[in-house]
Amino acid sequence: MEITELIDTHCHLTFQDLAQDIDGVIERSRQAGTTAWITVGTDPEHNNKSIELTERFENMHAAIAIHPHDAKTVTADIMRELRELAKHPRVIAIGETGLDYHYNLSLHEDQRRVFAEHLRIASECNLPVIIHCRKAFEETMQILDEYSSSVEKVVFHCFSGSAEQAKIVLDKGYYISFTGVVTFKNAEKTRAAAKVVPLDRLMLETDCPYMSPEPMRKQKVNEPALLIHIARLLAELKEMSLTEFAQAVTDTSRTFFGLLRH
Ligand SMILES: [Zn+2]
Ligand SMILES: [Zn+2]
């Protein structure tokens, strides 16, 4: 097997399905060539748990935020706590934050306000931002534009847009990361988008426990060990060897998140 050293740049390892077997999850991941992780908190409980996890495992990093779904629950106290937690040395990004007009679990107005507050924290703490955007592309770009002078490092996670939208994101200097969705049979549009993203702007993520990639789509609980399938498909798409591809996207991820080579 080819040697890879991949980074799962977006996973939810504190969610119950993964947390209950975390040692096994990490072991299987390492064996499959994914040797570093960014675990993403989505509410106060999981933000704290994510930070705890970074203290337990080497190469484990945390991103913290309140998910756009939960924008309606956000109080001044919650944002104050987030601002404090963001100072932890293993917190390397703010996110996932943004707008979700697909599920609409919070009012658009609340989502916009909370998104902007996250961008202010990222700017104060000088941290990159992980964007969650569903059916809200134009508004997301608009809000990012308002903060473009202070927030420069931005990645659109679980990218599901078109090649045209990918180009707009790239023109702003932002990054794009792909999940297992890119391996799905009906995901021609996502593969077309992946084609236009250069390797120095492209990152990989499982977004586990959700969305296992093909050919493991039937595995109910996705995990970082399956990141290799996403890497393999994208390497093929880019007509590169897996090793070469893995090296390039790992370098991109390290640069973007400011991770030191170990
Ligand atoms: Zn998301
Ligand atoms: Zn996520």
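Please refer to the structure placed before this passage.
Since we're looking at a predicted model, the values are computed, not measured.

Peer 1: Even after reading the chapter, I still don't get the pattern of salt bridges, so can you show me in this structure?
Peer 2: Under the defined criterion, the tally for this structure stands at 13 salt bridges. Lys-49 is the salt-bridge partner of Glu-45, the closest N and O atoms lying 2.7 Å from each other. Residue Glu-45 and its partner Lys-49 are both found in helix α3 (residues 44-56); the two are separated by 4 residues, about one turn of the helix. Overall, Glu-45 belongs to the partly exposed group, its relative accessible area being 44%.

Peer 1: Help me understand the sheet that holds strand β6 (residues 154-156), please; the structure alone is not making it clear to me.
Peer 2: Strand pairing within a sheet occurs via backbone hydrogen bonds; the two strands may be parallel or antiparallel. On the basis of which strands lie adjacent, the open sheet formed by 8 strands has the order β1-β2-β3-β4-β5-β6-β7-β8 and parallel pairing. Two strands close off the open sheet at either side, each with one partner strand: β1 (6-11) and β8 (202-204). Sheet twist, expressed as the mean angle between neighbouring strand axes with direction ignored, is 30 degrees. Bridging between strand β7 (residues 175-178) and β8 involves 3 bridges; their strand directions are parallel. The partner of Phe-178 across the bridge, within β8, is Leu-204.

Peer 1: Sorry, what's going on with the coordination of the zinc ion (ligand 1) here?
Peer 2: When four donors bind a metal tetrahedrally, each ideal donor-metal-donor angle is 109.5 degrees, and when six bind octahedrally, the ideal angles are 90 or 180 degrees. At the metal site, the zinc ion (ligand 1) is ligated by Glu-96 (OE), His-132 (ND1) and His-157 (NE2), and these contacts range over 2.0 to 2.1 Å. Counting residues between consecutive donors of the zinc ion (ligand 1) along the chain gives the motif E-x35-H-x24-H. Between the zinc ion (ligand 1) and the zinc ion (ligand 2) the interatomic distance comes to 3.6 Å, and Glu-96 is a ligand of both metals. In this pair, Glu-96 sits in strand β4 (residues 91-100) while His-157 sits in the loop between β6 and α7 (163-171), placing the two residues 61 residues apart along the sequence.

Peer 1: Is there a simple way to think about the environment of Ile-121 in this case?
Peer 2: Mapped onto the elements, Ile-121 comes out in helix α5 (residues 108-125). Along the chain, Ile-121 and Ile-94 lie 27 residues apart, while their C-alpha atoms are 7.8 Å from each other.

Peer 1: Before we go on, may I ask you to explain the packing of helix α4 (residues 76-85) against α5 in this structure?
Peer 2: Angle between the axes and distance between the axes are the two parameters that describe a pair of packed helices. At their nearest, the axes of α4 and α5 sit 10 Å apart, and the two run at 25 degrees to each other. By the angle class used here, α4 and α5 are roughly parallel. Of the two possible hands of crossing, α4 and α5 adopt the one that is right-handed. For the pair α4 and α5, contact is made by Met-79, Leu-82 and Arg-83 and by Glu-117, His-118, Ile-121 and Glu-124, respectively. Of the residues contributing to the contact of α4 with α5, the split by class is 3 nonpolar, 1 polar and 3 charged.

Peer 1: Quick question: what am I supposed to make of the packing of aromatic side chains here?
Peer 2: The relative placement of two aromatic rings is captured by the distance of their centres and the angle of their planes. In the structure shown here, the tally under the stated rule is 6 aromatic pairs. The interplanar angle of 25 degrees and the centroid separation of 6.5 Å between the aromatic rings of Phe-156 and Tyr-174 together place this pair among those described as stacked. Pair noted here: Phe-156 is in strand β6 and Tyr-174 is in the loop between α7 and β7, with a separation of 18 residues, a long-range link. For Tyr-174, a relative accessible area of 3% gives the class buried. Each residue in the set Phe-137, Phe-156 and Tyr-174 is aromatic and connected to the rest through ring pairs, giving one cluster. Above the plane of the ring of Tyr-175 lies Arg-201, whose end atom (NZ or CZ) is 5.8 Å from the centre.

Peer 1: Explain helix α8 (residues 188-196) here, please?
Peer 2: An α-helix turns once per 3.6 residues; consequently, residues spaced three or four apart project the same way. Within the span of α8, buried status applies to Thr-190, Arg-191, Ala-193 and Ala-194. Taken end-on, α8 shows its buried residues confined to a sector of 155 degrees, consistent with a single buried face. α8 presents Glu-188 and Lys-195 as exposed residues on the side facing more than 90 degrees away from its buried surface. At its buried positions, α8 is contacted by α7, β7, β8 and α9 (227-237).

Conventions adopted
Residues numbered from 1 in each chain as written. Chains lettered and ligands numbered in written order. Predicted model: local features only at pLDDT ≥ 70, side-chain atom pairs only at ≥ 80, totals over all residues. Heavy atoms only, no water. Salt bridge = Lys/Arg side-chain N within 4 Å of Asp/Glu carboxyl O. Helix = DSSP H or I, 4+ residues; strand = E, 2+ residues; numbered from the N terminus. Buried < 20%, exposed > 50% of the residue type's maximum accessible area, 1.4 Å probe, protein only. Pairing = 2+ DSSP bridges. Axes fitted to C-alpha atoms, helices over the stretch in contact; angles between N-to-C directions. Donors = N, O, S within 2.8 Å, 3.2 Å for Na, K, Ca; no water. Parallel < 35°, antiparallel > 145°, perpendicular 65-115°, else oblique. Left-handed = near helix turned anticlockwise from the far one by under 90°. Contact = heavy atoms within 4.5 Å. Nonpolar A, V, L, I, M, F, W, Y, C, P; charged D, E, K, R; others polar. Phe/Tyr/Trp six-rings, centres within 6.5 Å; stacked < 30°, edge-to-face > 60°. Lys NZ or Arg CZ within 6 Å of the ring centre and 35° of its normal. Arc of directions from axis to C-beta.

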